[in-house]
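# An overview of the molecular structure
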Amino acid sequence: MAAVVSSPLSIVNATGLHARPAANLVNVAKQYKSDIKLVYKGIEANAKSVVSVMGLDVSKGDQIQIKADGLDADEAIKAIAVVINSGCGEK
């Protein structure tokens, strides 16, 4: 089964994916069995690791993609896209 990749998503958080929004995103990713990565400027980060997500150094307005491989890949991408589009739990 090939990996599924999302359309590009813009980060809406004023501070990008810093600690709290990264933790919120990781908590959603951990609910899925699939291998899930965030892709930014060709670099892939484990979406189930706060340190890995923060290591991408994503800022407001940056475009990222979600890549998932596994039985629940489609569901995982949809759920994480909702979290990103809603600001990862921040106003």
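Here's a quick rundown of the structure.

Counting 28 residues, the largest nonpolar core has Leu17, Ile36, Leu38, Ile64, Ile66, Ile80 and Ile84 as its most contacted members. Only α1 (19–29), β3 (35–40), β5 (63–69) and α3 (73–85) provide two or more residues apiece to this core. The biggest single contributor to this core is α3, with seven residues. The contacts of Leu17, once residues within four sequence positions are left out, are Ile11, Ala22, Leu38, Val53, Met54, Val58, Ile64 and Cys88.

Looking now at the pattern of salt bridges. Evaluated as defined, the whole model comprises two salt bridges. Here Asp35 ties to Lys37 by a salt bridge, and the two come within 3.7 Å at their closest N and O atoms. Relative accessible area serves as the criterion here: at 43%, Asp35 is assigned to the partly exposed category. Residue Lys67 pairs with Glu44 through a salt bridge whose shortest N-O separation is 2.6 Å. Of this pair, Lys67 sits in strand β5 while Glu44 sits in strand β4 (residues 43–46); the two residues are 23 residues apart in sequence, bridging distant segments of the chain. Classification of Lys67 by relative accessible area gives partly exposed; the value is 26%. When its relative accessible area of 42% is taken as the criterion, Glu44 is described as partly exposed.

Compared with the 18 Å implied by 1.5 Å per residue over 13 residues, the 18 Å span of α3 between its first and last C-alpha is a close match. Looking at the buried side of α3, the elements it contacts are β1 (4–5), β2 (9–10), α1, β3 and β5. Gly87 sits one or two positions beyond α3 and adopts a positive phi of about 90 degrees.

Another aspect to go through is unusual backbone geometry. For Lys41, which is not glycine, the phi torsion reads 55 degrees and is therefore positive. Relative to the helices and strands, Lys41 resides in the loop between β3 and β4. Taking relative accessible area as the criterion, Lys41 reaches 69% and is therefore assigned exposed. Phi at Asp57 is positive, roughly 55 degrees, even though this residue is not glycine. Mapped onto the elements, Asp57 comes out in the loop between α2 (50–55) and β5. Judged by its relative accessible area of 59%, Asp57 falls in the exposed class.

The topology assignment puts Val51 in helix α2. A relative accessible area of 68% places Val51 in the exposed class.

Conventions we followed
- Residues numbered from 1 in each chain as written.
- Predicted model: local features only at pLDDT ≥ 70, side-chain atom pairs only at ≥ 80, totals over all residues.
- Heavy atoms only, no water.
- Core = buried A, V, L, I, M, F, W, Y, C linked by side-chain atoms within 4.5 Å.
- Buried < 20%, exposed > 50% of the residue type's maximum accessible area, 1.4 Å probe, protein only.
- Helix = DSSP H or I, 4+ residues; strand = E, 2+ residues; numbered from the N terminus.
- Contact = heavy atoms within 4.5 Å.
- Salt bridge = Lys/Arg side-chain N within 4 Å of Asp/Glu carboxyl O.
- Expected span 1.5 Å × (residues − 1).

Nothing here speaks to function; it is all geometry.
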